[in-house]
Amino acid sequence: MHNVCMLALVPGSGVCTAERYLQRSKERPAEEPRGAGPFFFIAGTNGAAIVSSYCERRGWRRIYDKQRDDFKLKWCETKSSANYCNFREGKQLMYQIPNDAVLTTKIGLLGSLREYEGVSDKIKRPPYTQVVMTLKMEEFIPATFRMDLRTEREAFFATVSNTETQMWICKPSGLNQGRGIFLLKSQEDIRAFRLKLQNMEDSQAGRRALQRQPQPYIVQQYIQNPLLLKGKKFDVRSYLLIACTSPFMVFFRHGYVRLTCNLYDSSSNDPSTHLTNQYVQKKNPLYSQLKEDTVWSMESFNTYVNNKFRVAKGLPWDWVLGTFTKRMQQILTQCFFAVKSKLDRRLGFFDLIGCDFMVDTDFKVWLLEMNCNPALHTNCEVLKEVIPSTLVETLDLTLEIFNKCRLRQRILPLANQREFALLYNELYPPDLVPASRRSNAFNAKRNIKNKNTKLRRSKSGSSKRTPLESPEEAGEGRPRPTTSVLNKKGRTEIGASRRTSHSGSKVKGDAAE
């Protein structure tokens, strides 16, 4: 692949360079484009060069007035009520679901998962609905305490009062890029942190309601046995794409591996030894020399695990692209189900979320956090391969689903699905189409079935409806999750999740469990 400056040219995409984009963005036209459009609006620089190039290739024109409401696509780094107040459902595309904080802030995700875990076992589901195997939170989330809740705060300090061996990591709830994160490694650190929280609480008591409140913290158990790659700590960035919210269409995609510059030393006080974020690593004096070594492709990660750990740890071949991938998909599916009933649902909302995972020496998979507006910079070779293709496919899928919904067309299969794997869909079962689009032959066949059913019922003298008379009871028109995994070559394999047919027989699929 031919690289130009900072961004790679995706075959057929015409992605421009970041430098060229910044230069062109300064050359704002004297007059705003007018006419029939379509128009697109971009605020911020994260992914802006790729999005701008994508839209321009389709003949769309960029507008700069944020007050205009005649856009086809609005791509903003930050969420504000002004971005959504004039949104026209079914007419426009808007990047970032307004209330995605229930998934993409640390407190939001923690609260959603706790609530979901508390009610999921109590729900009695009809026999025809999809049963999703629920993980216990301790299976994929390190022990976590909210410092904004007095009961949890006191429980945390009671837990750590008599231990010196366990490290904890403290994170602001709504920040990313490793900002504001620090370690609690000793009783002295814990006492200082407790005093800091008390001072924050005292200062908040005197604040006016309209003043900006400080970021609340969570404290999480530090994973002290991280798996290392060439002696360095790492985590894995994957993507969750909510391409549509009405109906829900949710996808997973592999991203890349982020490594530290320094060799791992649990006793080190250098944040860049413990945090893999590029934002943190750039502060390391060795970063300019080691930049390319701080990001691996998933294929390189898979090869390394095969060669280094497969025999020693008794792992299956291609553990990364098989078992690990399925586990990430299972965890993210559960996270989505935890917020499914909370997210704002309007046709045109979509979201690309960065999901960070860690693996320990027992090859247990941990979810660290999920981030809105994930970093889309392309400052090294691996990112030049991953980021543009991820973003282009995100827009391709979102636009295809959006147009099919507007035209009331059958949505699956998706012509633009390449590397993203479908985790969940809220469509009609893939083998059916909406009632308004069914063929005459389908409707005629159903009418015959209904007449036969009524005839049997009149002969028996029973007034009870049979399942075949009810599309809802028969499973027609009822959303059914569809899952998929990536095969060993990283390609998408879509399979229907397990369901019960009308005859009572089981239809097996490739549900990630």
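Scoring rules and cut-offs
Along each chain, residue indices are assigned from 1 in the same order as the chain's sequence is written. Confidence filtering applies because this is a predicted model: local features only for residues at pLDDT of at least 70, side-chain atom pairs given and counted only at 80 or more, and all residues used for totals across whole chains, interfaces and linings. To obtain the side-chain values, all non-hydrogen atoms of the structure were included, while hydrogens and water were left out. By nonpolar core is meant a set of buried Ala, Val, Leu, Ile, Met, Phe, Trp, Tyr and Cys residues that side-chain atoms within 4.5 Å join together. For every residue, the accessible area (1.4 Å probe, protein chains only) is compared with the maximum for its type, and the residue is labelled buried under 20%, exposed over 50%, or partly exposed between those bounds. Each helix is a run of H or I in the DSSP string that is no shorter than four residues. Each strand is a run of E no shorter than two, and both are numbered from the N terminus. In this document the domain limits rely on a domain assignment from an automatic tool or a database. We call two residues in contact when some of their heavy atoms are within 4.5 Å. Only protein atoms enter the 1 Å grid used here. Points where a 1.4 Å probe fits but cannot escape make up a cavity, open sets with protein on both sides within 12 Å along at least five of seven lines make up a pocket, and a residue lines them when an atom lies within 4 Å of a point. Grid points are joined across faces, edges and corners, and a volume is the space filled by probe spheres set on the points. Here a strand pair is declared whenever DSSP counts at least two bridges between the two strands. Any carboxyl oxygen of Asp or Glu that lies within 4 Å of a side-chain nitrogen of Lys or Arg is treated as forming a salt bridge with it. Throughout, an axis means a line fitted to C-alpha atoms (over the contacting stretch in the case of helices), and angles, computed between N-to-C directions, take values from 0 to 180 degrees. Any Phe, Tyr or Trp ring, taking Trp's six-membered ring, that has another such ring centre within 6.5 Å forms a pair; planes under 30 degrees apart are called stacked, those over 60 apart edge-to-face, and the others tilted. Throughout this description, the term charge over a ring refers to an Arg CZ or Lys NZ atom that lies within 6 Å of the ring centre and within 35 degrees of the ring normal.

- Under an unreviewed UniProt entry, the name given to the protein chain is Tubulin tyrosine ligase like 10, and the source organism is Takifugu rubripes.

Some points on the nonpolar core
- By size, the foremost hydrophobic cluster in this structure holds 61 residues, and its most contacted members are Phe301, Phe324 and Met370.
- It is helix H13 (residues 320-339) that contributes the most residues to this core, 11 residues altogether.
- Looking at which domains feed residues into this core, each of domain 1 (37-97) and domain 2 (101-141 + 226-425) gives three or more.
- In this structure, Met370 is in contact with Leu103, Thr104, Thr105, Leu109, Leu240, Leu332, Cys335, Ile353, Gly354 and Cys355, ignoring residues within four places of it in sequence.

What about empty space enclosed by the protein?
- Under the definition given, this model contains six cavities of 30 Å³ or more.
- In this structure, the largest cavity occupies an estimated 240 Å³ of space.
- Looking at the largest cavity, it is lined by 19 residues, and the ones nearest its centre are Ile169, Lys171, Leu275, Met358 and Leu368.
- Mapped onto the lining of the largest cavity, the elements with two or more residues apiece are strand E8 (168-172), strand E10 (217-221), strand E12 (232-245), strand E15 (349-359) and strand E16 (365-371).

Comments concerning the pairing of strand E13 (residues 248-259)
- The element E13 is extensively covered by neighbouring structure, given that 12 of its 12 residues are classed as buried.
- Note: E12 against E13, 11 bridges, orientation antiparallel. Across the sheet, residue Tyr239 finds its bridge partner in E13, namely Arg253.
- Between E12 and E13, which pair antiparallel one after the other, the connecting turn spans two residues.
- Relative to strand E17 (residues 421-425), E13 runs antiparallel, the two sharing four bridges.

Brief notes about the pattern of salt bridges
- The final tally for this structure, using the stated rule, is 20 salt bridges.
- Put simply, Asp70 and Arg68 hold a salt bridge, and the shortest N to O gap is 2.7 Å.
- By relative accessible area, which is 8% here, Arg68 ends up buried.
- Lys384 is paired through a salt bridge with Glu381; the nearest N and O atoms lie 3.2 Å apart.

Describing the sheet that holds strand E9 (residues 182-184)
- An order of E7-E10-E8-E9 is seen for the four strands of this open sheet, with the pairing classed as antiparallel. Lying at the two open borders of the sheet, with one neighbouring strand each, are strand E7 (144-146) and E9. Mean inter-strand twist for the sheet, computed between neighbouring axes without regard to direction, equals 25°.
- Here E7 pairs with E10 via three bridges, running antiparallel. Across the sheet, the residue bridging to Thr144 is Gln220, located in E10.
- Of the strands in this sheet, E7, E8 and E10 are in contact with helix H5 (residues 106-120), which crosses E7 at around 110°.
- Of the strands in this sheet, E7, E8, E9 and E10 touch helix H6 (residues 150-160), which is tilted by about 135° from E7.

A closer look at the packing of aromatic side chains
- Tallied over the entire structure, the rule returns 25 aromatic pairs.
- An aromatic cluster is defined as three or more aromatic residues linked by ring pairs; in this entry it consists of Phe234, Trp296, Phe301, Tyr304, Phe309, Trp319, Phe324 and Phe363.
- The lysine or arginine in question, Arg194, covers the ring of Phe157, its NZ or CZ lying 4.5 Å from the ring centre.

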